[in-house]
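A structural walkthrough
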Amino acid sequence: MELTFKTQLLDEQAVRRALTRIAHEIVEKNKGIEDIVLIGIKTRGIHLAERLGERINAIEGTRVPVGSIDITLYRDDLKEKAEQPQIHGHEIPVSIKDKKVILVDDVLYTGRTVRAALDALIDLGRPKQIQLAVLIDRGHRELPIRPDYVGKNVPTSQTEVVAVQVKEIDGEDKVVLLERA
């Protein structure tokens, strides 16, 4: 599948501002950070969750637990993927039982990744509440899933691809829109 560059949606400063705003919204909506756990969906959601944790710490002066979840075995398209899926496991530093879990991902599209993450979370314990934070909401939902916190809404076509790049993996922070040829 050939992809061509169409436009840049967010630069490094815009990504930083969006994450700072989401961090403030999380604190406001939850009236503080008591019982909050941030869990990033592998791969880029982990780095976004860590950054949100840093920003919340800067706002509240207290660290919130940050973990990661691997949804590989919960995907509904697992049979269509590689025969031997790569499993990285979950890294959650505290029990999620009776906690407010903020699930963090880079792009919300059909909702299937989030559905898989919800299944994985429920297998780990019963949180009091699960909220969803995404850097980009591009629409085209196939499941009734709606984010609580959004960095940027980007209307897209089915032929477009939203690519989030983070320093930890890609060497720079930006979000670009690509077109399938």
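The rules behind each value
Residues numbered from 1 in each chain as written. Predicted model: local features only at pLDDT ≥ 70, side-chain atom pairs only at ≥ 80, totals over all residues. Heavy atoms only, no water. UniProt positions renumbered as here; feature names shortened; annotations may be inferred. Helix = DSSP H or I, 4+ residues; strand = E, 2+ residues; numbered from the N terminus. Rg over C-alpha atoms; globule rule 2.2 N^0.38 Å. Buried < 20%, exposed > 50% of the residue type's maximum accessible area, 1.4 Å probe, protein only. Areas by Shrake-Rupley, 256 points an atom, 1.4 Å probe, with all protein chains shown as cover. Lys, Arg positive; Asp, Glu negative; His and termini not counted. Charge placed at Lys NZ, Arg CZ, Asp CG, Glu CD. Pairing = 2+ DSSP bridges. Axes fitted to C-alpha atoms, helices over the stretch in contact; angles between N-to-C directions. Contact = heavy atoms within 4.5 Å. Phe/Tyr/Trp six-rings, centres within 6.5 Å; stacked < 30°, edge-to-face > 60°. Lys NZ or Arg CZ within 6 Å of the ring centre and 35° of its normal. Polar contact = N/O pair within 3.5 Å; in protein donor to acceptor, adjacent residues only side chain to side chain.

The name an unreviewed UniProt entry assigns to the protein chain is Bifunctional protein PyrR, from the organism Effusibacillus lacus. As its UniProt record puts it under Catalytic activity (unreviewed entry), the protein chain is described as follows: "UMP + diphosphate = 5-phospho-alpha-D-ribose 1-diphosphate + uracil". Turning to the protein chain, the UniProt record has this under Subunit (unreviewed entry): "Homodimer and homohexamer; in equilibrium."

1. Looking at the overall build of the protein chain
Looking only at helices and strands, one finds four helices and eight strands in the protein chain. Reading the protein chain from its N end, one meets helices and strands in the order β-α-β-α-β-β-α-β-β-β-α-β. Since a compact globule built from 181 residues should have a radius of gyration of about 16 Å, the 16 Å found for the protein chain is in line with a globular shape. In terms of its C-alpha atoms, the protein chain occupies a principal-axis envelope of roughly 45 × 40 × 30 Å. Burial status across the protein chain gives 46% buried among its 181 residues. For the protein chain, the exposed surface amounts to about 9700 Å²; the carbon and sulfur share of it is 46%. The average position of the 28 basic charges and that of the 30 acidic charges among the side chains of the protein chain differ by 4 Å.

2. Comments concerning the UniProt feature "short sequence motif: PRPP-binding" (unreviewed entry) in the protein chain
Summarizing the sequence annotation, UniProt attributes the feature "short sequence motif: PRPP-binding" (unreviewed entry) to residues 101–113 in the numbering used throughout. From the first C-alpha to the last, residues 101–113 spans 16 Å; its make-up is 15% helix and 62% strand.

3. Comments concerning the sheet that holds strand β6 (residues 149–153)
Ordered in space as β3-β2-β4-β5-β6, the five strands form an open sheet in which the pairing is parallel. Among the strands making up the open sheet, the edge pair consists of β3 (66–69) and β6. On average, adjacent strands in this sheet sit at an angle of 25° to one another, irrespective of strand direction. As paired elements, strand β2 (residues 36–41) and β3 share four bridges and run parallel to each other. Paired with I41 across the two strands is I69, which belongs to β3. Across the sheet, helix α2 (residues 44–60) touches β2, β3, β4 (100–108) and β5 (129–137), and the angle it forms with β2 is around 150°.

4. Describing the packing of aromatic side chains
Under the defined criterion, the tally for this structure stands at zero aromatic pairs. Taking the ring centre of Y109 as reference, the NZ or CZ of R138 above it sits at 3.9 Å.

5. Looking at the environment of R44
In this structure, R44 sits in helix α2. With relative accessibility at 22%, the residue R44 sits in the partly exposed group. For the pair R44 and L103, spaced 59 residues apart in sequence, the C-alpha separation works out to 12 Å. Among residues more than four places away in sequence, those in contact with R44 are D106, V164, Q165, V166, I169 and D170. A polar contact of 3.0 Å, which involves the side chain of R44, links it to the backbone oxygen of V164.

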